[in-house]
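Fold and geometry: a report
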Amino acid sequence: MSDEKSIFGSVKNPSAVEPKKLTLDSKIKFRCHPGVSCFTACCGGIKIVLTPYDILCLSRRLELEPSDFVQRYTEPTWLEKTDMPGVQLKMREEDDRCPFVTPKGCTVYTDRPTACRYYPVGMADFHEGGSRDAEGNENAAAEDKFFFIVREPHCKGFEEDKEWTVREWRADQGVDVRDEMNKGWLRLVMRRKSFGHQASLSEQAKRMFFMASTDLHTFRRFIFESSFLETYELDPQVIEEIKTDDVALMLFSFEYLAATLFGATKMDIRPDKLKEKVEQLKKRQGEQVLQSVADYEKMKAGRDKKKVD
Ligand code: SF4
Ligand code: SF4
């Protein structure tokens, strides 16, 4: 086994991880809503690693430049015990709680990070760091995932009367879309982890990884204001896409980093593929955001009504 847990599976108390392996069709009994007695209890004292897509969504939500968001709300961390630099949410100094939590709940709910969406259903993904062929290419046949429950004593969601499959839970939380968005980036981290110290990564390469992962707007300037476009032959359609579309730019950055950090000889970015992927993901994301806003408002209204009664 290569990776026991994915980057989002890390929990404060490892003994809270139930040993039972779940599949997408396993049933879980759990519900989290503003009416639970432990509401927001899990929003403090935790490590929440942010993916590039998390940063993109949160900085947009807060109407900040990604670099300003990172400076204000995050602190540096090493990803998965590798030498790959990343960021995690900076807990408030006064109470060690998330900067976005209030007694009424999460103020960035529809844009909350991937790690928050996972809880309490973690995922172990052997594919990300899994087996490879002689050339170091990922072996698709090795794709193997399972899920597990993190059952912490303070979490009362397990006492709620709602049963659903892991698949339904993940779709409800918007985890599937996040997984798609994060996939290319996670692969880079897991690849680094599985290659370990066999290969050295220059400081410049690490800086580039950090810049592309945390500050897409600066990465865009790097592409358009340096000799980048003279160095790499990019399809004009791709160039147009990444000029204005942040999601396209993010997906492009994963390809670029994979090519430059891990020695791929050329970037093979097909514009039709990129466009199709971006459109597909945006559509699914839009539907889920609308659904999740509606659900959250309904739950809040229910709680407020209860209080009045
Ligand atoms: S981002 Fe929202 S859900 Fe995540 S820890 Fe903060 S308040 Fe809780
Ligand atoms: S039920 Fe669990 S996930 Fe929901 S607020 Fe309580 S501790 Fe957090």
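What you see is a predicted model; the values in this text were computed from it and never measured.

Remarks on the overall build of the chain
The number of helices and strands found in the chain is twelve helices and nine strands. In the chain, which comprises 309 residues, the proportion classed as buried is 30%. Contacts spanning at least 24 positions in sequence make up 76% of the contacts within the chain whose residues lie at least 6 apart.

Things to note about the site of ligand 1
Neighbouring residues of ligand 1: Cys43, Cys98, Phe100, Val101, Cys106, Val108, Arg112, Pro113 and Cys116. Looking at side-chain class alone, the shell around ligand 1 contains eight nonpolar, no polar and one charged residues.

What about helix α1 (residues 52-61)?
For α1, a buried count of eight out of ten residues is recorded, marking the element as mostly surrounded by other parts of the structure. Downstream of α1 by a residue or two, Glu63 has a phi angle that is positive, lying close to 55°.

Some words on the site of ligand 2
By nearness alone, every residue bordering ligand 2 is listed as Cys32, Val36, Cys38, Phe39, Thr40, Ala41, Cys42, Tyr119, His154, Cys155, Lys156 and Gly157. When the residues that make up the shell around ligand 2 are grouped by side-chain class, the tally is eight nonpolar, three polar and one charged.

Focus on the pairing of strand β4 (residues 85-89)
Alignment of strand β2 (residues 49-50) against β4, held across two bridges, turns out to be antiparallel. What sits directly across from Val49, in β4, is Gln88. As paired elements, strand β3 (residues 74-78) and β4 share five bridges and run antiparallel to each other. When the sheet's bridge partners are listed, Glu75 is paired in β4 with Gln88. Following β3, the chain reverses through six residues before pairing antiparallel with β4; Glu80 in that reversal takes a positive phi of roughly 50°.

Describing the sheet that holds β2
Pairing in this open sheet of three strands is antiparallel, and the strands run β2-β4-β3 from one edge to the other. The open sheet has two edge strands with one neighbour each: β2 and β3.

Criteria and cut-off values
Residues numbered from 1 in each chain as written. Chains lettered and ligands numbered in written order. Predicted model: local features only at pLDDT ≥ 70, side-chain atom pairs only at ≥ 80, totals over all residues. Helix = DSSP H or I, 4+ residues; strand = E, 2+ residues; numbered from the N terminus. Buried ≥ 20, exposed ≤ 12 C-beta atoms within 10 Å, placed from the backbone. Contact = placed C-beta atoms within 7 Å. Near = placed C-beta within 6 Å. Nonpolar A, V, L, I, M, F, W, Y, C, P; charged D, E, K, R; others polar. Pairing = 2+ DSSP bridges.

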